[in-house]
Amino acid sequence: MNMRIVILRLGHRIQRDQRITTHVALTARALGAEGMLLDSDDAGIEKSLDEVKNRWGGSFYVRRITSWKSEIKKWKEAGGKVMHLTMYGLNLPDAIDEITTCSLMIVVGAEKVPPEVYELADWNVAVGNQPHSEVAALAIVLDRLNASSGKDSLSSRFTGGEIEIIPCRKGKEVKSK
Ligand code: SAM
């Protein structure tokens, strides 16, 4: 099954979270998500990811939103499901078999996530029930979701863009497209 995945980044603080939110978006892009909704008016993240897209290809987008609640509502009304990443949730290995939807929104927090998110989510999922990083949690979830639909997260090719890496054992090789 080909699963459409969009990230919803909640609680981004413009000064404090710029780097980590950029890393959430880069990880999402590299591991096959189609885009990220950002609950903040921080244009910097969108700009960085647009630069990455122009240079490295693909169609990943960042869209700034004003109401996370209405984005979740719209997503669910269109038939999509919502997974919230939280260390308090069901551990991923115990939940993954239930997650068979073809449209999945993955909610990733920065600061404390509003309690309502836990109710609106179809699944509250932990990547191990210990606190760690949203980037690590997202990477593992995307990898497991890809694996469960027979895809290898690390083999995706990106169309368009200006350059491409030629993998090599030593040094760096980059080809212009
Ligand atoms: N400091 C924040 C607070 O008030 O609790 C939480 C910071 S935490 C690093 C940010 C996000 O990382 C969480 O909202 C969650 O999405 C994700 N996260 C952290 N540990 C996780 C885990 N074990 N499983 C799933 N997601 C996790």
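What counts and how
Residues numbered from 1 in each chain as written. Predicted model: local features only at pLDDT ≥ 70, side-chain atom pairs only at ≥ 80, totals over all residues. Heavy atoms only, no water. UniProt positions renumbered as here; feature names shortened; annotations may be inferred. Near = heavy atom within 4 Å. Polar contact = N/O pair within 3.5 Å; in protein donor to acceptor, adjacent residues only side chain to side chain. Helix = DSSP H or I, 4+ residues; strand = E, 2+ residues; numbered from the N terminus. Pairing = 2+ DSSP bridges. Axes fitted to C-alpha atoms, helices over the stretch in contact; angles between N-to-C directions. Contact = heavy atoms within 4.5 Å. Core = buried A, V, L, I, M, F, W, Y, C linked by side-chain atoms within 4.5 Å. Buried < 20%, exposed > 50% of the residue type's maximum accessible area, 1.4 Å probe, protein only. Expected span 1.5 Å × (residues − 1). Arc of directions from axis to C-beta.

Per an unreviewed UniProt entry, the recorded name for the chain is tRNA (cytidine(56)-2'-O)-methyltransferase, and the organism is Candidatus Methanoperedens nitratireducens. Database annotation for the chain, UniProt heading Sequence similarities (unreviewed entry): "Belongs to the aTrm56 family."

K.L.:
Account for the site of the ligand, with residues named and values stated.
P.N.:
As a structural note, the neighbourhood of the ligand is formed by 16 residues, with Leu85, Val127, Gly128, Gln130 and His132 the closest of them. Between the ligand and valine 127 there is a distance of 2.9 Å, counted from a nitrogen atom to a backbone nitrogen or oxygen. For the ligand, a nitrogen atom lies 3.2 Å from a polar atom in the backbone of histidine 132. The set of elements that each furnish at least two residues to the shell around the ligand consists of β4 (81–91), β5 (103–109), β6 (123–126) and α6 (134–148). Broken down by element, the shell around the ligand gets its largest block of residues, three residues, from β4.

K.L.:
Which residues make up the sheet that holds strand β1 (residues 4–10), and what values go with them?
P.N.:
An order of β3-β2-β1-β5-β4-β6 is seen for the six strands of this open sheet, with the pairing classed as parallel. Strand pairing shows two members of the sheet lacking a second neighbour, β3 (61–64) and β6, which therefore form its edges. Each neighbouring strand pair of the sheet contributes to a mean axis angle of 30°, computed without reference to strand direction. Inspection of the sheet shows β4 paired to β6 by five bridges, in the parallel sense. Note that in β6 the partner of methionine 83 across the bridge is tryptophan 123. Across the face of the sheet, helix α1 (residues 18–30) comes into contact with β1 and β2 (35–38) while running at roughly 175° to β1.

K.L.:
Quick one: what's the story with the nonpolar core, residue by residue and with numbers?
P.N.:
By size, the foremost hydrophobic cluster in this structure holds 32 residues, and its most contacted members are Ile7, Met83, Ile106 and Leu145. Per element, the largest residue contribution to this core is six residues, and it comes from α6. When residues no more than four places from it in sequence are discounted, the contact partners of leucine 145 are Met3, Ile5, Met83, Ile96, Ile99, Leu104 and Ile106. Judged by nonpolar contacts, the second largest core, of 14 residues, contains Ile65, Met105, Val107 and Ala121.

K.L.:
If you had to explain helix α2 (residues 43–56) to someone new, which residues and values would you point to?
P.N.:
Spacing of three or four residues puts side chains on the same side of an α-helix, whose turn is 3.6 residues. Over its 14 residues, α2 runs 20 Å from end to end, which matches the ideal 20 Å to within 8%, given 1.5 Å per residue. Every buried residue of α2 is listed here: Ile45, Leu49 and Val52. Buried residues in α2, looked at end-on, bunch into an arc of 50°, giving them a common side. Those residues of α2 that are buried lie in contact with α1, β2 and β3. Where α2 begins, the capping side chain belongs to aspartate 42, and its oxygen is found 2.9 Å from the backbone nitrogen of glycine 44. Two residues or fewer after α2 comes glycine 57, characterised by a positive phi angle close to 90°.

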